[in-house]
Amino acid sequence: GSATFSLSRHLSSTNSIGQVNASVNALIHVASQANESRRSGRGLSDCTVAVKDNICTTDMPTTCSSRMLLDFTSPVDATVVQLLRDEGATLVGKTNCDEFGMGSLNTYSVHGPVVNPFQATNSDVAWENRERRSAGGSSGGSAAAVAAELCDAALATDTGGSIRLPASYCGVVGLKPSYGIISRWGVVSYADSLDCVGVMAKGVRTVKAIFNVLSAYDPKDPTAARVDTRHKAATACQEHGPRHSGRSLSGLRVGIPQEYFPMELNPNTLKPLRRVLEHLRARGASLIPVSLPSTSYALSAYYVISSAEASSNMARYDGIEYGLYKEPPPGSDKTKTANVYAHSRSAGFGKEVQKRILLGTYALSADAFDNYFLQAQRVRNLIRADFDRVFAIPNVLSSTPQNNFGEGVHVLLHPSAIRTAPPLPSLEHDIDSSKSDASILDAYVQDVLTVPASLAGLPAMSVPTGFGEDGWPVGVSIVGQWGCDEMVIDIGRECE
Ligand code: GLN
């Protein structure tokens, strides 16, 4: 595609990036002008991109917003970063996030919370008088950097909704591609079976242009979808995809999953969604109610699986091989590595990461394995089967044949989030002490609409569709069959 990039208005001077960023806290590191190696004449030479701080870069730090990695600079560029550089993109900095990607509100960061910049770019209210709302997490910095026009686009990661949720809260587009389509090499792992790298930007066209650059097979990523699998998926999309042409969308079958309007959904967000549906129907698309009955189990299964994988991934930060080294206190036996581990890990990891490690380690212990970990895997299979049952396009990764061709839907459409951006706790202190069970659950529930597509590895994109009754952005999500990323992107464009 020939997307044109409106050079972000703050690019001209690192200083003004700094000014805007001081209020939003989206970038934890701003690239020096010298680092901006702009190469003209390539596809992205006019494009400025910010990179989430869990994606490795050689010329900027990679802290994962953790005290554990505050001093870490990677000796390698992630494949996605290399691809952007090769296309001439300018990297403007690293974006704030929840520690190691664990969180939904971008409040669990050693660099402090990200402030949703929505009012910053949309009102005349002075900063002091503005409502401080969350940018969403864990990729809140990436969403906020795009929304505040510090860059044209941002790279981010999505394990259970970390791109789509902040995109929805900040009023930008966020794409989580099919699992395995974009390389994860050089991206710090949170939960390997779920982690995806994706793209955020103001418009779908920019997202598409960057997705096209990044979606190349990378032999360095052992979980990358193989070239023949990609071809099979492309053929399946061609054969069973919608056959509309020109302005008309007739022939496009859009599924509306009834389980995605749960009790927790704030009715405040429904009006903009209805408008998109009206618009699609007016253009000729058929709206078809569908049921994905296992949806209500997805959130629990997600937190068991993601914590289990996280507990294993976090084991490498022991203060010796990787990460912060904390001298054990006087009197303790320093020759015991366990002492070094315990002190380094207690000092290096924040509360939320420590909680996930405990939860995950428990789910993997002999006593709990069957009841928690295996049960969650069974739920994951049910979720996958739910999606395969409603899509018109076969899942090329699945061995069980489907027989709903011609009847199924091409994409699903649902609200991205159960509400508009929640208010930020006003003080650091509140963030740390708001650890009542209720508020923790509240944060986890934000992911209820995004985790099913993550568990099934499906492409999903949040597109801003207007504003709730409180005047804050609302996003709609388009979800497609595995490998139908392009279809999801193209239908997302119709929802803008
Ligand atoms: N909020 C979810 C979690 O904390 C999702 C995070 C993500 O997608 N990285 O696990």
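Since this is a predicted model, take the numbers as computed values, not measurements.

### Considering the overall build of the chain
- Assigned secondary structure in the chain consists of 16 helices and eleven strands.
- Per-residue burial for the chain yields a buried fraction of 54% across its 496 residues.
- By sequence separation, contacts in the chain at least 24 residues apart represent 77% of the contacts at least 6 residues apart.

### Notes on the packing of helix 6 (residues 204–214) against helix 16 (residues 485–495)
- At a closest axis distance of 9 Å, the pairing of helix 6 and helix 16 adopts a crossing angle of 165°. Our classification of the angle between helix 6 and helix 16 gives roughly antiparallel. The hand of the helix 6/helix 16 crossing is left-handed. Contacts between helix 6 and helix 16 involve V204, V207, K208 and F211 from the first element and D485, I489, G492 and R493 from the second.
- Of the residues in the contact of helix 6 with helix 16, the class split is four nonpolar, one polar and three charged.

### Some details on the nonpolar core
- Counting residues in each nonpolar core, the largest one holds 138 residues, and the members touching the most others are V49 and M200.
- When residues of this core are assigned to their parent elements, the largest contribution, eight residues, is made by helix 9 (residues 298–313).
- If we ignore the near neighbours within four places in the chain, the residues touching V49 are L84, A89, T90, L91, V92, C151, D152, A153, A154 and L155.

### Side note on the sheet that holds strand 8 (residues 286–290)
- Strands sit in the order 1-3-2-4-6-5-10-11-9-7-8 across an open sheet of eleven strands; the sheet is mixed. Bordering the open sheet on either side are strand 1 (27–30) and strand 8, each of which pairs with just one other strand. Neighbour-to-neighbour, the strand axes of the sheet open up by a mean angle of 30°, direction not taken into account.
- Summarising the sheet, strand 5 (residues 173–176) and strand 6 (residues 196–201) pair through three bridges and their orientation is antiparallel. Bridge pairing links V173 to A201 in strand 6.

### Let's talk about helix 9
- Its 16 residues give helix 9 an end-to-end C-alpha distance of 22 Å, which sits within 8% of 22 Å, the value for a rise of 1.5 Å per residue.
- Within helix 9, twelve of the 16 residues are buried, which leaves it mostly tucked inside the rest of the structure.
- Buried residues of helix 9: A298, L299, A301, Y302, V304, I305, S306, S307, A308, E309, A310 and S311, and no others.

### What about the UniProt feature "active site" (unreviewed entry) in the chain?
- Within this structure's numbering, the places UniProt gives as "active site" (unreviewed entry) are K52, S138 and S162. Look at the named residues: they lie 111 residues apart in sequence, but the longest C-alpha span between them is just 11.1 Å, so in the fold they bunch up.
- Tracing the backbone shows K52 in strand 2 (residues 48–52).
- In contact with K52, other than residues within four places in its own chain, are T95, C97, S139, G141, S142, L155, A156 and T157.

### A look at the site of the ligand
- Every one of the 14 residues lining the ligand counts as a neighbour, but G101, S104, T159, G160 and S162 are closest to it.
- For the shell around the ligand, the residue count by class is two nonpolar, ten polar and two charged.

### Some thoughts on the confidence of the model for the chain
- Taken residue by residue, the chain gives an average pLDDT of 91. The fraction at 70 or more is 90%.
- Residue range residues 6–12 is modelled with pLDDT below 50. Its contacts to residues more than four positions away, or to other chains, number 13 contacts.
- Our summary of model confidence lists the complex with pTM equal to 0.94 and ipTM equal to 0.98.

### Details of the pairing of strand 2
- Counted residue by residue, strand 2 has five buried out of five residues, so it is predominantly covered.
- Side chains T48, A50 and K52 project from strand 2 onto one buried face, and the interleaved V49 and V51 project onto a second face that is buried too.
- Of the strand pairs in this sheet, strand 2 and strand 3 (residues 90–95) are connected by five bridges, and their pairing is parallel. Residue pairing for strand 3: K52 is matched across the bridge by T95.

### Here we look at helix 11 (residues 351–363)
- For helix 11, built from 13 residues, the straight-helix expectation of 18 Å at 1.5 Å per residue is met to within 8% by its first-to-last C-alpha distance of 18 Å.
- Burial in helix 11 covers these residues: V353, R356, I357, G360 and A363. The buried side chains of helix 11 occupy one side of the element, clustering within an arc of 135° when seen end-on. When the buried face of helix 11 is taken as reference, the exposed residues oriented beyond 90 degrees from it are K351 and L358.
- Considering only its buried residues, helix 11 is in contact with helix 9 and helix 12 (369–390).

### A look at the environment of S45
- Relative to the helices and strands, S45 resides in the loop between strand 1 and strand 2.
- Overall, S45 belongs to the partly exposed group, with 14 C-beta atoms counted inside 10 Å.
- Between the C-alpha atom of S45 and that of D221, which follows or precedes it by 176 residues, the distance is 26 Å.

### Structural notes on unusual backbone geometry
- With an omega of 5°, the peptide bond between G137 and S138 qualifies as cis.
- Along the chain, S138 turns up in the loop between helix 3 (118–122) and helix 4 (140–147).
- Its identity as a non-glycine residue notwithstanding, C64 has a phi of 55°, on the positive side.
- Position of C64 among the secondary structure elements: in the loop between strand 2 and helix 2 (79–86).
- Of the residues examined, C64 has 28 C-beta atoms within 10 Å and is grouped as buried.
- Phi at F100 is positive, roughly 55°, even though this residue is not glycine.

### Structural notes on the environment of R230
- Take R230: it is sitting in helix 7 (residues 227–240).
- Distance in space between the C-alpha atoms of R230 and G180 is 9.8 Å, their sequence separation being 50 residues.
- Here R230 is in contact with Y217, A225 and G483, once residues within four sequence places are set aside.

### Describing the pairing of strand 10 (residues 460–467)
- Counting buried residues in strand 10 gives six out of eight residues, a clear majority hidden from the surface.
- Where strand 5 and strand 10 come together, three bridges link them in antiparallel fashion. Residue K176 lies in a different strand from strand 10, and its bridge partner there is A460.
- Direction of pairing for strand 10 relative to strand 11 (residues 473–480): antiparallel, over a ladder of seven bridges. Within strand 11, the position partnered with G466 by the bridge is V474.
- With antiparallel pairing between neighbouring strands as the criterion, strand 10 and strand 11 make up a hairpin whose turn holds five residues, including G471 at a positive phi of roughly 85°.

Procedures and definitions
Residues numbered from 1 in each chain as written. Predicted model: local features only at pLDDT ≥ 70, side-chain atom pairs only at ≥ 80, totals over all residues. Helix = DSSP H or I, 4+ residues; strand = E, 2+ residues; numbered from the N terminus. Buried ≥ 20, exposed ≤ 12 C-beta atoms within 10 Å, placed from the backbone. Contact = placed C-beta atoms within 7 Å. Axes fitted to C-alpha atoms, helices over the stretch in contact; angles between N-to-C directions. Parallel < 35°, antiparallel > 145°, perpendicular 65-115°, else oblique. Left-handed = near helix turned anticlockwise from the far one by under 90°. Nonpolar A, V, L, I, M, F, W, Y, C, P; charged D, E, K, R; others polar. Core = buried A, V, L, I, M, F, W, Y, C linked by C-beta atoms within 7 Å. Pairing = 2+ DSSP bridges. Expected span 1.5 Å × (residues − 1). UniProt positions renumbered as here; feature names shortened; annotations may be inferred. Near = placed C-beta within 6 Å. pLDDT = per-residue confidence, 0-100. Arc of directions from axis to C-beta.

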